[in-house]
Amino acid sequence: MIIDSHTHVDRFGWYDPPETIIRLMDEAEVDKSIIMTYVDAPDVKGSIEFIAEAVQKHPSRLIGYARMNPRRGEEAQQLFRRAMEELGFKGLKLHPAGNRCHPARQETIDLISLATNYNAPVLFHCGDEEFTLPLQIAEAAHACPDATIILGHSGGYFHTKDAIRVAERYPNIVLETSGMPYPQVIREAVERVGASRVLYASDGPGCDPKIEVHKVKMAGLTTSDLEAVFYRNIKKILDRVTTGRGKQ
Amino acid sequence: MIVDARVYLGSSLFGYGQALPEILAKMERLGIDKSVLVPVKPRDYHLAPMNELVANSLRKHPDHFLGLCRVDPWQGEAALTEARRGFEEHGACGLYLDPWEENFQANDQILHPLLEEAERRKKPVVINAGHLRVSHPTQIRDMASRYPAVQFVACNGGQINISGMLLFEARRMLEACPNVAIETAGTYREDFIEEVVAEIGEERVLFASGSPIYDQEFEMARIRFAHLTDTQKQKLWAANALRLFEHRP
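**Student:** So what exactly am I meant to see when it comes to the interface of chain B and chain A here?
**Tutor:** Interfaces are frequently sized by the accessible area removed from exposure as the parts join. Between chain B and chain A, the residue contacts involve 16 residues of the former and 23 residues of the latter. Contributions of two or more residues to the side of chain B that touches chain A are made by α8 (190-200) and α9 (216-224) of chain B. Considering every element that reaches the side of chain B that touches chain A, the biggest residue donor is α9(B), with four residues. In the side of chain B that touches chain A, the residues fall into seven nonpolar, three polar and six charged.

**Student:** Just checking my understanding: could you explain unusual backbone geometry for this structure?
**Tutor:** Note: most residues except glycine have negative phi, and most peptide bonds are trans. Cis geometry is adopted by the peptide bond preceding A:P42, which originates at A:A41 and carries an omega value of -5 degrees. Position of A:P42 relative to the elements: it lies in the loop between β2 (32-36) and α2 (47-57). Of note, the amide linkage connecting A:G204 to A:P205 takes the cis form, showing an omega dihedral of 5 degrees. Mapped onto the elements, A:P205 comes out in the loop between β8 (198-199) and α9 (209-217). Although it is not a glycine, B:K122 adopts a positive phi angle of roughly 55 degrees. Within the secondary structure, B:K122 sits in the loop between α5 (112-121) and β6 (125-127).

**Student:** Would you mind showing me how to read the sheet that holds β8(A) here?
**Tutor:** All names here are of chain A. The strand order across the open sheet formed by eight strands is β1-β2-β3-β4-β5-β6-β7-β8, and the pairing between neighbours is parallel. Among the strands making up the open sheet, the edge pair consists of β1 (3-8) and β8. Judged from the two bridges that link them, strand β7 (residues 173-176) and β8 form a sheet pairing that is parallel. Directly across from E176, in β8, lies its bridge partner L199.

**Student:** Help me understand the sheet that holds strand β7 (residues 152-154) of chain B, please; the structure alone is not making it clear to me.
**Tutor:** Each strand in a sheet pairs with another by means of backbone hydrogen bonds, the pair being arranged parallel or else antiparallel. Residues and elements named next belong to chain B. One open sheet holds the nine strands; their spatial order is β2-β1-β3-β4-β5-β6-β7-β8-β9, and the pairing between them is mixed. Strand pairing shows two members of the sheet lacking a second neighbour, β2 (17-18) and β9 (205-206), which therefore form its edges. As defined by bridge partners, strand β4 (residues 65-70) adjoins strand β5 (residues 94-97) across three bridges and the pair is classed as parallel. Residue pairing across strands places L68 opposite G94, the latter belonging to β5.

**Student:** Would you mind showing me how to read the environment of A:S33 here?
**Tutor:** Residue and element names in this part refer to chain A. On the secondary structure map, S33 appears in strand β2. Residues S33 and I21 lie 12 residues apart in sequence; the distance between their C-alpha atoms is 8.4 Å. Among residues more than four places away in sequence, those in contact with S33 are D4, T7, I21, M25, R61 and L62.

Conventions we followed
- Per chain, residue numbering runs from 1 following the sequence as it is written.
- To read the labels, note that chains go from A and ligands from 1, taken in the order they are written.
- Since the coordinates come from a predicted model, pLDDT governs what is reported: local features require at least 70, and pairs of side-chain atoms require 80 or more to be given and counted, while whole-chain, interface and lining totals use all residues.
- By the convention adopted here, residues are in contact when the distance between their C-beta atoms, placed from the backbone, does not exceed 7 Å.
- Each helix is a run of H or I in the DSSP string that is no shorter than four residues. Each strand is a run of E no shorter than two, and both are numbered from the N terminus.
- Gly is put with the polar residues, along with every residue not named as nonpolar or charged; the nonpolar set is Ala, Val, Leu, Ile, Met, Phe, Trp, Tyr, Cys and Pro, and the charged set is Asp, Glu, Lys and Arg.
- Criterion used throughout: strands pair if DSSP finds at least two bridges between them.

By themselves these figures say nothing about function.
Written out as structure tokens, the structure is:
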């Protein structure tokens, strides 16, 4: 079984309808994918509903995360509550390079705290751009020790060492494999942080899930560790989420 | 046939490296017929002996390797002399410029004498691209526009930005400059490679691994699994690289 912890469905920025990721999932033999938009709610009206509709259309294949702009304060919090309680969402996505809201700003911390009330994971874009660096996101992990903070891309091209370093430092940080081009970094992450805190993801459909699966398989992990990375870890995280819709 | 358009040789100042036997063994294991060797920047900072190492490798294994001559444009006249030595004595098939490791901007005028030399000799110029501040696609576009008769090859798809914020710029660089091709090492998003092939031109993309900075086997998967026709893949695997590096008059 494979669950992809980071993919995109959107019609507001780049155009990627749900059928695109479903086709690539089929090619890669991925069972389920967590989807999110490329744009922030509530900045882009209808983006939360678009994800909800995609999940409703493919309930056995897709799981929704709400991508939010923390700068929108109470409005963002209200919409996130609705996403979790009424629309069946399972997590929060933050992309501080887009909304210029530092991971340690109070508005971000407030939104992470709200997600944590639902035991919902928080997936950060974590790459090489300002406000998305592992050491910057680690400040949020430090401020919110009960939150599950996922470093999407594990530091990108140039910050993978920092990503592993902060994951060693904070037990609530989880590393995610998408996009970054180094199979050996996955192996190093498993060796230093433990397979239980590494998630397979593709960042599809832009990054091909089949290639991203191949990358994880190239890391030379044991069968048990591979299963943990491919689905057991994210399933455990999602099983803890409490929403109006019950367990996934 | 498979040609890897960028494989580093030597032990780098920056901690990566590989020796010739290791390169040959990996080529054998992965089915790579030919590699374009690029000298690393060594711990003593001297590129000339590394260019000689590449030249010796070409002499020993002419069927397996092509080689680029690497120069540091900050060396001025000495860089130009080294480039000429590369073309005349070492059989270099092009120039390699690394704005990231040699710390210059890809559109800096210090490059002009080297580009004029490449133009005179009809040799391609490979630039380590996609590094913010020094080899942003807009900077490569700016320089390539000044030298339309020089064939440029932008490494890393012209962009290595995991937020996707350079995809648009890299595409605009290719649209504006027919004299720029990209190679695929480390490229963010396989759909970018597929789009460039379909919409810009299948002659404009070369397979490269950038090994050992990037994993050679994994980089091959980007082409192997790409949603491209067999004919298109053959061009990416080998034909485009051979056309640019081997068969230029």
